[in-house]
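Single-letter residue listing:
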Amino acid sequence: MRKQNFIIIGMNNAKGANIILRALNSSDQVEKEIVNIATGKVKIRVKDSFSDGEIIKLVEDVGFDAIVYDKVRKMKDWKVQFKKNRNLKISFWLSLIFTTPVVMATIGDVFGWGLFRNFHIIWIQLALATPVQFIVGWRFYRGAYYALKNKSVNMDVLVAIGTTSAYFSSLIFAVFLGKMDALNFESCMGIITLIVMGRLLEQNSKEKISNVIATLMSSREKYVHTAKGDMKIETVQASDHIRIFAGEKVPLDVEIISGRASFDESCISGESLPVIKSEGDMLNEGALTLDGEIQAMVIHEIEDSTTAKTVSLMLEDKCSKSKVRKYAEKIYAIFVPVVLLIAILTLILTLVFSHDLLTSMMHAVAVLIISCPCALGLAMPTALISGKVLSSNHGILIKDTNALELAGQIKTVFFDKISTITTGEFEMNDFTGDEFEYKVLASLEAQSKHPLARAVELKEVFDVSDFKEIMGLGLTGVINGISYYAGNDKLMRQNNVNIEEKNSKAIYLAVAGKLIATATFKSSIKADSIRVIKYLKKHRVKTVLLTSGNEIEARRIQYEVQLDEVKAGLSSNEKLELVAQTPDAMLVGDGFNDSIALASASVGVAMATGSNLSMEAGDVTVISEKLWKIPELIRISHKTIQKVKQNYFLAFVYNIIAIPLAAFGLLNPMIVLVVMSLSSISVIVNSILLTQEKIKVID
């Protein structure tokens, strides 16, 4: 078997992804496939004899195109992105280096300082301002051109108009006509520098993720302990057996086959308390062994491990435009024409009352300069970055920035599978026998590893001889010379034992052809399920359980946790259709075999725990089994959007105050700089405060 990645051209929704999945599943050469709608990529495992060309043919036959996403392609994409990042950094530092002395010269001129006096010379300012305006600022001209071409108005339009006005008014009036009051080079340079800084902040957030990835990768174990000696981690394959000692990190995702130890999983789940794990339990890569020694079987190889999937998640970013960004564009669409109208009115009215064309033009230019949204360029990226940081601090990884907005608008939460609400373990619901018969059953079940057997516990048990486990039926054993058998209804029928009612979650205990006791079981509800459902209903969010399983069990869980609705016996396509047709819906699943349904929801949340950790699915990944992370996500969403709106207010309030002053000619270059700086600093500080928020929605 081999693995290969492809980029699917034209796959941009759940329907398309479903078509791709069916096409791949139609071939017996394909063993496993993972479709990621966000990135348009497909990861598959196929037989060695099945070529890339044949895989592409499968995709082309259903109307899509595919490109092999190998190391060459990845390197090409990386080089393009690296070049863009490098150019942005160079642009910012070039702008900052050229702008700083001009700004300092203006400040020095106001306060009578001798520092940077030479930079107040008009020709030096012109020489410094020109590359900032037309080299660094070229990105704004290009953005404005495409915006106007598409009959829209964005921030680039306002920046291009404002900085161009400042530059050419300084060039014409100050340089050529000698009117030093019209010198505004520091304004156009300051505006460009501040807005480029905002874009660099967005880029830096991605670079910080790259640094985290580098740290994450460097902290991985290099070798593992096996029966053959220490081996390089790259050579270890799934199903290999390894040993892990106290003080060591778990090198790969594993299942414990023997031993018992306590582990610190804080780096994975965010939970600070150690957890004790033993035979049959799963461990994710990165957990620290505090004490004890275990032998384990490798579940995922290094390229499919928890760390590898975490890295993949961190590198992904959906390109769809959030409603907050659309909201900002609506603001620009109103703000820009209004500013232009005010500038024109300022020009006309000042000319009417002063009869001075030069003064009128300077006032109009001042309006355009002061209206440039330096802080607006910082308002959204700083808030969203802070929202992501706050989420990650609570064990919630945001892949799609839209989820930070949409999670706060959710009207319906679908829980996919009963196991999302339950622990996956069973507890005894009822036992019809007496204490002696319970001790007999516990003695037999103590020999078994069946999931239901774990729920039959007793410290003191009888000795069992001639024990035998019958696959798919139950078990038998001799206690005090008497032969007992315990198992399901099929075992009872084989031994001519009559049972009144069949129950798939029951163990029947019989002796000599007679039923003597019945133990029934139920799924254990997660400790926080009831509180989470109560919280959601309190906030008018409808809760629905989707399951392909038994309706009786689903109804029991609905009654116990007070869900609004249950939809049982659903196929995967029925789930997909129901979720896709429900507006403002969140789907909470385990990210395993439900990636298409997760992608079809407004917000898809993968509760990524255990061996089913699947970070390819959903907009959000919660690295915990705690359902109260869902209310936390909703609360963080509210706070993030609130912070974005606060930032817009802070950005505009300075403009609203300063524009009338500029129209009346009451602003000099120094005041313009102070206003722009205060506006930007206010936005940045306000966003940083979000990272310090304490999110507690359930006691």
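All figures in this text were calculated on a predicted structure; none of them were measured in a lab. Residue numbers run consecutively from 1 along every chain, following the written order of its sequence. With the structure being a predicted model, the display of local features is reserved for residues of pLDDT at least 70 and the display and counting of side-chain atom pairs for 80 or more, all residues being used for whole-chain, interface and lining totals. The basis for every side-chain value is the complete set of non-hydrogen atoms in the structure, without hydrogens or water.

Asker: Before we move on, can you summarise the overall build of the protein with the specific residues and values?
Answerer: Segments assigned H or I by DSSP are reported as helices when at least four residues long, segments assigned E as strands when at least two residues long, and all are numbered from the N terminus. Within the protein one finds 21 helices and 24 strands. The proportion of buried residues among the 699 residues of the protein is 50%. We call two residues in contact whenever any of their non-hydrogen atoms come within 4.5 Å of each other. Across the protein, every contact between residues at least 6 apart in sequence was considered, and the portion connecting residues at least 24 apart equals 66%. In short, Shrake-Rupley with a 1.4 Å probe defines the accessible areas, and a residue's cover is counted only from the protein chains shown. Total accessible area on the protein stands at roughly 34,200 Å², and carbon and sulfur atoms take up 57% of it. Only protein chains enter the accessibility calculation, which uses a 1.4 Å probe. A residue is then buried if its area is under 20% of the maximum for its type, exposed if over 50%, and partly exposed in between.

Asker: Pulling in residues and values, what's your account of the nonpolar core?
Answerer: The nonpolar side chains of soluble globular proteins are, as a tendency, buried together. Take the buried Ala, Val, Leu, Ile, Met, Phe, Trp, Tyr and Cys residues and link them wherever side-chain atoms come within 4.5 Å; each set so joined is a nonpolar core. In this structure, Phe415, Leu545, Met586, Val588, Val605 and Val620 are the most contacted members of the largest nonpolar core, which totals 100 residues. Ranked by residue count, the leading element in this core is helix α20 (residues 629–663), at twelve residues. Those residues in contact with Val605, other than ones at most four positions away along the chain, are Met586, Leu587, Val588, Gly589, Leu598, Val620, Val622, Ile630 and Leu633. Among the nonpolar cores identified, the runner-up in size contains 20 residues, and Leu452, Phe462, Tyr484 and Phe521 belong to it.

Asker: Would you mind going over helix α6 (residues 155–176) in detail, with residue names and values included?
Answerer: A helix's residues, less one, multiplied by 1.5 Å, set its expected span. An ideal rise of 1.5 Å per residue puts 32 Å on 22 residues; α6 measures up with 30 Å between its terminal C-alpha atoms. The principal kink in α6, of about 25 degrees, is found at Ser170. One or two residues past the end of α6 sits Gly178, with phi positive at roughly 75 degrees. Take the seven residues that end at a residue and the seven that start at it, fit an axis to each, and the angle between those axes is the bend at that residue.

Asker: Quick rundown of the packing of helix α5 (residues 138–149) against α6? Include the residues and the values.
Answerer: In this analysis an axis means a line fitted to C-alpha atoms, helices contributing only their contacting stretch, and an angle means the value between N-to-C directions, from 0 to 180 degrees. The interhelical angle for the contact between α5 and α6, taken along N-to-C directions, is 125 degrees, at an axis separation of 8 Å. When the axis of α5 is compared with that of α6, the two are oblique. With respect to the hand of their crossing, α5 and α6 are arranged in left-handed fashion. Facing α5, whose interface residues are Arg139, Phe140, Tyr141, Gly143, Ala144, Ala147 and Leu148, α6 presents Asp156, Val157, Val159, Ala160 and Thr164. The class makeup of the residues in the contact of α5 with α6 is eight nonpolar, two polar and two charged. Just so you know how the angles are binned, under 35 degrees is roughly parallel, over 145 roughly antiparallel, 65 to 115 roughly perpendicular, and the rest oblique. In a left-handed crossing the near helix is turned counterclockwise from the far helix by less than a right angle, and in a right-handed crossing that turn is clockwise. Gly is put with the polar residues, along with every residue not named as nonpolar or charged; the nonpolar set is Ala, Val, Leu, Ile, Met, Phe, Trp, Tyr, Cys and Pro, and the charged set is Asp, Glu, Lys and Arg.

Asker: Can you lay out unusual backbone geometry for me, pointing to particular residues and giving the numbers?
Answerer: Phi is positive for Asn480, close to 55 degrees, though the residue is something other than glycine. Overall, the relative accessible area of 60% leaves Asn480 in the exposed class. For Gln562, which is not glycine, the phi dihedral falls at a positive 65 degrees. Positionally, Gln562 belongs in the loop between α17 (551–561) and β21 (565–567).

Asker: Tell me about the sheet that holds strand β12 (residues 396–398), residues and numbers included.
Answerer: Strands are treated as partners if at least two bridges between them are detected by DSSP. In space, the seven strands of this open sheet follow the order β12-β24-β23-β22-β13-β20-β21, with mixed pairing throughout. This sheet does not close on itself; its edge strands, each paired only once, are β12 and β21. Mean inter-strand twist for the sheet, computed between neighbouring axes without regard to direction, equals 20 degrees. Bridge count for strand β20 (residues 542–546) against β21 is three bridges, and the pairing is parallel. Its bridge partner being in β21, Leu546 is matched across the sheet by Lys567. Sheet contacts for α17: β20 and β21; angle to β21, the most-contacted strand, approximately 160 degrees.

Asker: Go over the pattern of salt bridges with me, naming the residues and quoting the values.
Answerer: One speaks of a salt bridge when a side-chain nitrogen belonging to Lys or Arg is within 4 Å of a carboxyl oxygen belonging to Asp or Glu. One pass over the structure, following the stated rule, counts ten salt bridges. Among the salt bridges present, the one from Arg493 reaches Asp489, with a minimum N-O distance of 2.9 Å. One end of the pair is Arg493 and the other is Asp489, both in helix α15 (residues 489–494) and four residues apart, which spans about a single turn. Given a relative accessible area of 45%, Arg493 falls into the partly exposed group. Three or more residues are tied together by salt bridges with common partners; here these are Lys542, Glu565 and Lys567.

Asker: Give a description of helix α2 (residues 52–60) that names residues and reports values.
Answerer: Turning to α2, its buried residues are Ile55, Ile56, Leu58 and Val59. On an axial view of α2, the arc spanned by its buried residues comes to 150 degrees, and they lie on one face. Think of it as the arc spanned by the lines of direction from the helix axis to the C-beta atoms.

Asker: A description of the pairing of strand β1 (residues 2–9) should follow, citing residues and the corresponding values.
Answerer: Two strands pair when backbone bridges link them, and β1 and strand β3 (residues 41–46) are joined in this way by six bridges, in the antiparallel orientation. Residue pairing in the sheet places Phe6 in a bridge with Val42 of β3. Sheet analysis places β1 next to strand β4 (residues 65–68), joined by four bridges and oriented antiparallel. Counterpart to Phe6 in the pairing with β4 is Val68.

Asker: So what's going on with the confidence of the model for the protein? Which residues, and what values?
Answerer: The pLDDT value tells you how sure the predictor is about a given residue, anywhere from 0 up to 100. Mean pLDDT over the protein works out to 80, with 81% of the residues at or above the 70 mark. Low pLDDT (under 50) marks residues 316–321, which in the prediction has 15 contacts with non-local residues, meaning those over four places away or in another chain. Confidence drops under pLDDT 50 across residues 610–614; counting only partners more than four residues distant or on other chains, this segment forms 14 contacts.

Asker: Which residues make up the side chain of Ser529, and what are the values?
Answerer: Position of Ser529 among the secondary structure elements: in helix α16 (residues 529–538). Excluding residues that lie within four positions of it along the chain, Ser529 makes contacts with Ile421, Val561 and Leu627.

Asker: Let's hear about the packing of α6 against helix α11 (residues 357–370): which residues, and what values?
Answerer: Their axes nearest at 8 Å, the elements α6 and α11 cross at an angle of 150 degrees. If you check the angle between α6 and α11, you find them roughly antiparallel. In this structure, α6 meets α11 at a crossing whose hand is left-handed. Between α6 and α11, the contacting residues are Ile161, Gly162, Ser165, Ala166, Ser169 and Phe173 on the first element and Leu358, Met361, Met362, Val365, Leu368 and Ile369 on the second. For the contact of α6 with α11, the residue count by class is nine nonpolar, three polar and no charged.

Asker: So what about a nonpolar patch on the surface? Which residues, and what values?
Answerer: To count toward a patch, a residue needs a relative accessible area above 30% and no salt bridge. Like charges then connect within 9 Å, nonpolar side chains (Val, Leu, Ile, Met, Phe, Trp, Tyr) within 5 Å. On the surface, Ile121, Trp123, Ile124, Phe134, Phe168, Ile172, Phe176 and Leu177 cluster together into a nonpolar patch covering about 770 Å² of accessible area. Among the secondary structure elements, those contributing two or more residues to the nonpolar patch are α4 (122–136) and α6. Within the secondary structure, Phe168 sits in helix α6.

Asker: Lay out the environment of Ile530 with the relevant residues and their values.
Answerer: Positionally, Ile530 belongs in helix α16. Separated by 109 residues in the primary sequence, Ile530 and Ile421 have C-alpha atoms spaced 9.1 Å apart. Not counting the four nearest positions on each side in its chain, Ile530 is found in contact with Glu560 and Val561.

Asker: Before we move on, can you summarise the packing of aromatic side chains with the specific residues and values?
Answerer: Aromatic ring pairs are reported here in terms of the distance separating the ring centres and the angle at which the planes meet. Stacked, tilted and edge-to-face are the three classes applied to pairs of Phe, Tyr and Trp rings, where Trp contributes its six-membered ring and a pair requires centres within 6.5 Å; stacked means planes under 30 degrees apart, edge-to-face means over 60, and tilted covers the rest. Going through the model one piece at a time under the given rule, you end up with ten aromatic pairs. Summarising the aromatic geometry, the rings of Phe436 and Phe462 are spaced 5.5 Å apart at their centres and angled 55 degrees between planes, so their arrangement reads as tilted. Here Phe462 lies in the loop between α14 (435–445) and β15 (465–470) and Phe436 lies in helix α14, a separation of 26 residues in the sequence. When its relative accessible area of 18% is taken as the criterion, Phe462 is described as buried.

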